[in-house]
Amino acid sequence: MAKDLSLVRNFCIVAHIDHGKSTLADRLLEYTHTLEKRDLSTQTLDSMDLERERGITIKLSPVKMEYILDGKTYTLNLIDTPGHVDFTYEVSRSLKACDGAILLIDASQGIEAQTLANLYLAIENDLEILPVINKIDLPSANIEETKKQIEDIIGLPADNVPCISAKSGINIEDVLNSVIKDFPHPKGNVSAPLKALIFDSFYDAYKGAICLVSIKDGIVKVGDKIKMFETDSTFDVTEVGVFKPNMSATSELSVGDVGYIAASIKNVREAKVGDTITTVTNPCLEPVPGYKKVQPVVFSGIYPVEGDKYVDLKEALEKLQLSDASLVYQPETSAALGFGFRVGFLGLLHMEIITERLEREFNLDLITTSPSVNYLVHKVGGDILEISNPSNLPNLANIEYIEEPVVNLFVYSPPTYVGEIMNLCIEKRGIYNDLVYLDTNRVKLNFTMPLSEIVFDFFDALKSRTKGYASLEYELNGYIKSPLVRVDILLNGEQCDALSLICHRDKAYQKSSSITSKLKEVIPRQMFEVPIQAAIGGKIIARETIKALRKDVLAKCYGGDITRKRKLLEKQKEGKKRMRKFGSVEIPSEAFTSILKLDNN
Amino acid sequence: MKTSNIYIHIPFCRQRCTYCNFKSVKFNIAMAADYVTAIIKEIRARKNEINGSMAKTVYIGGGTPSILSGGQLTRIVNEIKKYASIDENTEFTVEVNPESVTPEKMYVYKAMGVNRISIGMQSSNNNVLKLSNRPHTNEQFLNAIKAIKSVKLKNLSIDCLIGLQGSSKEEAIKSVKQALKQKPKHISVYALNCDENCLMYSLVKNNKIKIMEDDEVAKVLEIINSLLKRKGFIHYEISNFAKKGFESQHNINYWYGEEYIGFGCGAVTYRNNTRSECISEVDEYCKGKVKYKEEDVNDKIKLEEKIMLGLRTIYGVDLTLIDDNKKDYIQTLVKHKFAIIKNNKLILTEKGFNLSNQIISVLM
């Protein structure tokens, strides 16, 4: 049966957290009768608990809907996108599967940074933009002001934008109608060789890695021998299908379709996001452009709170890696923490998500050490060492110089905030390159900046200094030589390797004193005085002292008290198990994590 | 002849002190009368637990036992005496509060065989007493002492409480000095624990009232410890001081892990590897509804308790009872003078007593 591509729309929703993306998605499912209202557990598309709790989307779930307009049945494929800068690449891949993007704006909040970051990505991917104003039934809704923002900031006419309430189901049809009228249909050739873009993948225990694909050309069906462009590996297709929103097998997927391919792929690593699938016998000549290898940029040590849980942690990481291709790890040991792993992440949010999943899904208690980027250490004599664990840094005497990764950073913002952005980027050791006016309302600033400055709190700082209007994008751009030093933390005179960190020489003093005072706060008083020192190469640069504990005693203990007092002490004993003993000092596992949060203070 | 250690609980108080976490109810005459009947019934029902024994110790505690009339207390004791022998070698203690001590009651106590009075002074400062809702003044305390002295009992013990609201280092030391002036053979010095079951807990937690900081309490305890030592008292348990030969036998019995039989609402019994607590509410108990909660004291618990209780006393704990992998820790304790080793026993020092929770929770 010949397929009429003009009856297909592939689109996504971009929005700031809390602006109602998931609620609108649910409503679209309901109005297209893909799911009935009673079947909608709140926010169906965010499948992981973690996503639902944080209100963010990590995994992308595409869904196929059908909608009748003017007597014609349209197929609407909604492709969900993650909303955080850590996942910029994933967003760009899923946008490649779309022809249009709904820009959802909260009528009471207006346009915010994240909305813009994803919007600009959408514009760069040549998507048609449909602004939709949501939450119009809130008392604080300001529809006129929001329309004005759409015209001023985005530069789109706002007269006819749908004004809706996803929550109360107001004007949802307007959205569906506009999607069909405003968005172009996908293009492609059904008789051309198969060209399918993998825009996401996940792991299924029975079917192996599942590729979420957008078919750009051709047809794929069960039994086809397919080939991955990037890895050159081949597989036999065992199942194809679409999401409605649950997986539902079909006989084939053809040009314009968005769905999934299962082919007994053992590992998500074989189904790389951004790669192109074609057939072995009749391959397409060019892949869908834009594939990038996903590289971890932040590394952190992960250790079980209780040392004997090392094997459990290992198994958990192995399992998690099956479903998260961006997760890399290798074993490491620490004098303070014992056996653990050095794990690479796409960014701090990714790191938080992984550690939370490990703790929640695998019931582990973890200690995470200070995140670090990858440094290149040029040793005296010419050897080059790549390190991501500060305690592996060789003696200063053996180091010629150290290089750190830098990024090419683009910040988009209304011109008003240029001064603030300049200040922030220079504070963060950025080197200013360029400023371009994209139009009267938008500038693009370009800096070269150390990656380590970006990964920690840059995004939050940028957001707060520009009242949410600026957005950013960056790509790794080699290494530069920097005056970096390792700050060691000594507890009771002994160096605690898990607390060491690498930072710029000029920031070492300030950083050291905030770390020592934070540690003083989080390490409980012990039976003796504990000095906390920060040192660079043996020279102490900051010091705090935890005073000795003087009283920890239960007064009365007679016949009627014995059971209760014993239980209190048993509880205290359990508490001690969660402490890491370092020399004679007991450190609560929170102490390690507390340092991570320093920058946010 | 087998021996027994008997505890009798009287759960009534005139009013509740702000720091108290014991089971006690406001005294009322009718309920007290019912209670006496009920406890006699309980003793009768459980008589075989003490029948034919020689009472080594009897302890009537509370609450405020002295709130009952001399006659009521005598009836209870007479019921005990039907089954267990009490003689002049029995250490027989009654806890009293100053406001309910009269010379008459003291005569009755003496006639009953009581030879030890433990009185709750807590503080010598009327303002501090008032802030804690103690039902007496310091003048009443001094009068009570006169009444107690008038019957010439063998042993007097005075309780002091350190760290109360409104107290200070000076006030606490002054209180202990006043206690010493009464020439007691025994003094208990308790550091205030603000337990979550007490009235002031939420007030303290929300900074509505201030009690002494832990560091300050520790400092005061150090001063008091050395003061009492100079006056010839032995610091034989974390909170207890006695002239030689006047250590509380009843309490030492607890700390050695020996058996004891308790009667009354809230009282605890430990015998045959079982600890059972009477958990009825007072009004239920008075109506004869007696419920017990039992705990099986197995070998593991027994060992933990031996370590916990032993380390709270100057008698220490046998090193053989402590796990071998704690050797390094014990060495550190000794090196830093938190403990000493004597006759193959680990004994905490004064410094160790103050941090005993830390130490016990590692060793047990």
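Residues numbered from 1 in each chain as written. Chains lettered and ligands numbered in written order. Predicted model: local features only at pLDDT ≥ 70, side-chain atom pairs only at ≥ 80, totals over all residues. Heavy atoms only, no water.

J.: Requested: an account of the interface of chain A and chain B, with residues and values cited.
T.: The interface is formed by 26 residues belonging to chain A together with 45 residues belonging to chain B. Of the roughly 3,500 Å² buried between chain A and chain B on both sides combined, carbon and sulfur atoms contribute 53%. Ranking the residues of chain A by area buried against chain B places A:M527, A:R550 and A:K551 at the top, with a combined share of 23%. Summed over the shared surface of chain A and chain B, the result is eight salt bridges. (Contact = heavy atoms within 4.5 Å. Buried area = accessible area lost by both parts, 1.4 Å probe. Salt bridge = Lys/Arg side-chain N within 4 Å of Asp/Glu carboxyl O.)

J.: Account for the packing of helix α7 (residues 310–323) of chain A against helix α8 (residues 348–361) of chain A, with residues named and values stated.
T.: Residue and element names in this part refer to chain A. Contact geometry of α7 with α8 gives a least axis separation of 11 Å together with a crossing angle of 120°. Relative to α8, α7 is oriented oblique. The element α7 and its partner α8 pack so that their crossing is right-handed. Contacts from L313, A316, L317, L320 and S323 of α7 reach α8 at I354, R357, L358 and E361. (Axes fitted to C-alpha atoms, helices over the stretch in contact; angles between N-to-C directions. Helix = DSSP H or I, 4+ residues; strand = E, 2+ residues; numbered from the N terminus. Parallel < 35°, antiparallel > 145°, perpendicular 65-115°, else oblique. Left-handed = near helix turned anticlockwise from the far one by under 90°.)

J.: Quick one: what's the story with the packing of helix α6 (residues 169–181) of chain B against helix α8 (residues 214–230) of chain B, residue by residue and with numbers?
T.: All names here are of chain B. Relative to each other, α6 and α8 sit at 25°, their axes nearing to 10 Å. It follows from the interaxial angle that α6 and α8 lie roughly parallel. Here α6 and α8 pass one another in a crossing that is right-handed. Residues K169, A172, I173, V176, K177 and L180 of α6 form the contact with α8, whose own contacting residues are E216, V220, I223, I224, L227 and L228. Considering only residue class, the contact of α6 with α8 consists of nine nonpolar, no polar and three charged. (Nonpolar A, V, L, I, M, F, W, Y, C, P; charged D, E, K, R; others polar.)

J.: Describe the confidence of the model for chain B, and please don't skip the residues or the numbers.
T.: Do not read the fine detail of predicted coordinates wherever pLDDT is low. Averaged over all residues, the pLDDT of chain B is 95; the fraction at 70 or higher stands at 100%. Quick note on the complex model: pTM equals 0.71, ipTM equals 0.93. (pLDDT = per-residue confidence, 0-100.)

J.: Please set out the pairing of strand β4 (residues 53–62) of chain B residue by residue, giving values where relevant.
T.: All names here are of chain B. Extensive coverage of β4 is indicated by the burial of nine of its 10 residues. As defined by bridge partners, strand β1 (residues 3–10) adjoins β4 across eight bridges and the pair is classed as parallel. Looking at β4, one finds that Y7 is bridged to Y59. For β4 and strand β5 (residues 84–85), the ladder comprises two bridges, and the chain directions are parallel. The residue bridging S53 from the neighbouring strand is A84, located in β5. The pairing of β4 with strand β6 (residues 91–96) spans four bridges and is parallel. Within β6, the position partnered with Y59 by the bridge is T93. (Buried < 20%, exposed > 50% of the residue type's maximum accessible area, 1.4 Å probe, protein only. Pairing = 2+ DSSP bridges.)

J.: A description of the state of the cysteines should follow, citing residues and the corresponding values.
T.: All names here are of chain B. Scanning the model with the defined rule gives zero disulfides over all chains in all. Between C13, a cysteine without a disulfide, and C20, which holds the nearest cysteine sulfur, the sulfur-to-sulfur distance is 6.3 Å. Its relative accessible area of 11% is what places C13 among the buried residues. As a non-bridged cysteine, C286 has C265 as the owner of its nearest cysteine sulfur, 7.5 Å distant. The buried category is assigned to C286, whose relative accessible area is 15%. (Disulfide = S-S within 2.5 Å.)

J.: Give a description of unusual backbone geometry that names residues and reports values.
T.: Between A:K244 and the following residue, A:P245, the backbone shows a cis peptide bond with an omega angle of -10°. Inspection of the secondary structure assignment puts A:P245 in the loop between β11 (239–243) and β12 (247–250). Here the amide bond leading from B:G62 into B:G63 is cis, since omega sits at 20°, within 30 degrees of zero. Note that B:G63 resides in the loop between β4 and α2 (70–83). Unlike most non-glycine residues, A:R429 shows phi in positive territory, near 65°.

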